[in-house]
Each structure stands twice: as C-alpha cells, then as structure tokens.
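Residues per chain are reported as follows:
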Amino acid sequence: MNAWPRVKPGTAAERRLLWISGAAAFAVLAADQAVKFWFVRSFALHESREVIPGWLNFTYVRNFGAAWSIFSGHVWPLLIFGLLAAAGILIFFRKLAENCPERYVAQMLILSGIVGNSIDRMFRGAVVDFIHVHYESVWHYPVFNIADMAICCGIGVFVISGFIRKPSTSEAGDAERGH
C-alpha cells in the first residue's frame, strides 16, 4: 500500500515537501512554547484545573528527566542527548526518509518536539508539562506536553510507514542480491 508516491531528492516536489513539513514543525514548536509560557505565567506549580471531569486536567509540573521522569535530575546529559539526536536526524534526514513523504513529516515532528523540550531544559532547567490524562482517581498517565505529542506522533508515523511501505526498487534489488 503506497498511497503517497515517493519524492525524488533535489526536485521541486521535495523542496515543497520540506517547506510544508518544516512550516508544520515550526507551528508545532511555536504552539508548544506559547502554551508552556502561558502555563508558567497562569498556573502555580502543581496547580491543576479540571477540563473534562474524570478524564483530563491541566496540571502544571516541571519534569527534570525524560519521559515518565526517567533519568530525573540529569538535565544536561538529556539536553546533550536530545541535541545529538536532532543532529543525527538532520545529518541522515534523506537516508531516514527513503524518499517517503510521510517520513519527512514524521522527522520534522520529532525534531520540533526535541527542540521544544530542549528549549525548556536550557532556559527553564526542566521541561514544562501540563496535559494530565486520567480516569477518575483510579488511573493516571504521566503529565506531558505538546512537544511530547509531536515526538510520539512522529515516531508513530515513521513506524507505521515502515510496516506499510514496500522497499523501493533499488532496495528490493539489493535484498534479492543478498546486499
């Protein structure tokens, strides 16, 4: 199933795709930072406001670690790791995309999330999280933010693309020859 045709590197179609996916990533990054700024200014730390009773709260917390607060207290190593991951994506962008339009978008989303959380680590000393999904008081998902959603969505799109895309003609030929 290849709903979207592959793009050829260096073409106008690829430039347009890079521009559109880059603009979308910038919009996600801008929204992430604007909303975080608003939460820092409008909420007291650990303040929670109910949005959907029993399901969703806005709760301002600071995460000194990565996802689920793993590596908590290691802000600088996490910042360096994030920046290295972003550099790796940029360096290997075309190779990772394999000319698949959805992978261009996926990588840009991942980059916007990494940059959004890295800005927090650099300038706030911790990542600002605020989306608190739960079921009554029975189950609570860790509080997260827009940057986290961008990273997860980008990874999800990339993984799904890997499952549904057939290898390109040159890749299929290499596989048949044992390369």
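Pulling in residues and values, what's your account of the overall build of the protein chain?
Helix and strand content of the protein chain: 6 helices and 4 strands. Scanning the protein chain from its N terminus toward the C terminus, one meets helices and strands in the order α-β-β-α-α-α-β-β-α-α. Buried positions account for 37% of the 179 residues belonging to the protein chain. Contacts in the protein chain between residues at least 24 apart in sequence constitute 64% of all its contacts with a sequence separation of at least 6. Accessible area of the protein chain: about 10700 Å², with a carbon and sulfur share of 72%.

Explain the packing of aromatic side chains to me, using residue names and the numbers behind them.
With the rule as written, the count across this model stands at 9 aromatic pairs. Look at tryptophan 38 and phenylalanine 43: their rings are 5.6 Å apart centre to centre, the planes differ by 70°, and that puts the pair in the edge-to-face class. The partly exposed category is assigned to tryptophan 38, whose relative accessible area is 43%. For the pair phenylalanine 39 and phenylalanine 130, a centre-to-centre distance of 4.5 Å together with 15° between the ring planes defines the contact as stacked. One end of the pair, phenylalanine 39, is in helix H1 (residues 12-42); the other, phenylalanine 130, is in strand E3 (residues 127-135), with 91 residues separating them in the sequence. A network of ring pairs unites the aromatic residues Trp38, Phe39, Phe43, Phe58 and Phe130 as a single cluster. Seen from the ring of phenylalanine 43, arginine 49 lies directly overhead, with NZ or CZ sitting 3.8 Å from the centre.

Can you tell me about a nonpolar patch on the surface, naming the residues and giving the values?
Judged by side-chain polarity, Val51, Ile52, Trp55, Tyr135, Val138, Trp139 and Tyr141 come together as a nonpolar surface patch covering roughly 720 Å² of accessible area. Its location among the elements puts tryptophan 139 in strand E4 (residues 139-140). With a relative accessible area of 43%, tryptophan 139 lands in the partly exposed category.

Pulling in residues and values, what's your account of the sheet that holds E4?
Sheets are built from strands that pair by backbone hydrogen bonding, the pairs being arranged parallel or antiparallel. If you walk across this open sheet you meet the 4 strands as E1-E2-E3-E4, and the pairing is antiparallel. This sheet does not close on itself; its edge strands, each paired only once, are strand E1 (48-52) and E4. Of the pairings in the sheet, the one linking E3 to E4 comprises 2 bridges and is antiparallel in character. Each residue of the ladder has a partner; that of tyrosine 135, found in E4, is tryptophan 139. Across the face of the sheet, helix H4 (residues 101-124) comes into contact with strand E2 (56-63) and E3 while running at roughly 125° to E3.

Please provide a residue-by-residue account of H1, values included.
Taking 1.5 Å per residue as the helical rise, H1 with its 31 residues ought to reach 45 Å, and the 44 Å between its terminal C-alpha atoms agrees with that figure. All of the buried residues in H1 are Glu14, Leu17, Ser21, Ala25, Leu29, Asp32, Gln33, Lys36 and Phe39. Of the surrounding secondary structure, the elements contacted by the buried residues of H1 are E2, helix H3 (93-97), H4, E3 and helix H5 (146-164).

Tell me about the nonpolar core, and please be specific about residues and values.
Note that soluble globular proteins tend to have their nonpolar side chains buried in a common cluster. In terms of nonpolar packing, the biggest core is built from 12 residues, these being Val7, Leu17, Ala25, Ala86, Ile89, Phe93, Ala97, Tyr104, Met108, Ile110, Leu111 and Ile114. Taken together, the elements giving at least two residues each to this core come down to H1, helix H2 (75-91), H3 and H4. Broken down by element, this core gets its largest block of residues, 5 residues, from H4. Those residues in contact with isoleucine 114, other than ones at most four positions away along the chain, are Gly82, Ala85, Ala86, Ile89 and Ile151. If you look at the next biggest cluster of nonpolar residues, it comprises 9 residues, including Val128, Ile131, Phe144 and Ile146.

Parameters at a glance
- Each chain carries its own residue numbering, running from 1 in the written order of its sequence.
- In keeping with the model being predicted, local features are shown solely for residues with a pLDDT of at least 70 and side-chain atom pairs are shown and tallied solely at 80 or more, while totals for entire chains, interfaces and linings include all residues.
- Side-chain numbers come from the whole structure's heavy atoms, not from hydrogens or water.
- Put simply, DSSP marks the helices as runs of H or I at least four residues long and the strands as runs of E at least two long, and each gets a number from the N terminus on.
- Working definition: with a 1.4 Å probe on protein chains only, accessible area under 20% of the residue-type maximum means buried, over 50% means exposed, and in between means partly exposed.
- We call two residues in contact whenever any of their non-hydrogen atoms come within 4.5 Å of each other.
- For accessible areas, the Shrake-Rupley method is used with a probe of radius 1.4 Å. Any residue's cover is judged against the shown protein chains and nothing else.
- Each pair of aromatic rings taken from Phe, Tyr and Trp, with Trp reduced to its six-membered ring, is defined by centres within 6.5 Å and is described as stacked if the planes are under 30 degrees apart, edge-to-face if over 60, and tilted in the remaining cases.
- Throughout this description, the term charge over a ring refers to an Arg CZ or Lys NZ atom that lies within 6 Å of the ring centre and within 35 degrees of the ring normal.
- Put simply, a patch holds well-exposed residues, over 30% relative accessible area, that have no salt bridge, with like charges counted together within 9 Å and Val, Leu, Ile, Met, Phe, Trp or Tyr side chains within 5 Å.
- Here, a salt bridge means any side-chain nitrogen of Lys or Arg that lies within 4 Å of a carboxyl oxygen of Asp or Glu.
- Pairing between two strands requires that DSSP report at least two bridges joining them.
- Angles here are taken between N-to-C directions and fall from 0 to 180 degrees, while the axes themselves are lines fitted to C-alpha atoms, restricted in helices to the stretch in contact.
- Take the number of residues in a helix, subtract one, and multiply by 1.5 Å to get its expected span.
- Residue types Ala, Val, Leu, Ile, Met, Phe, Trp, Tyr and Cys, when buried and joined through side-chain atoms within 4.5 Å, form a set referred to as a nonpolar core.

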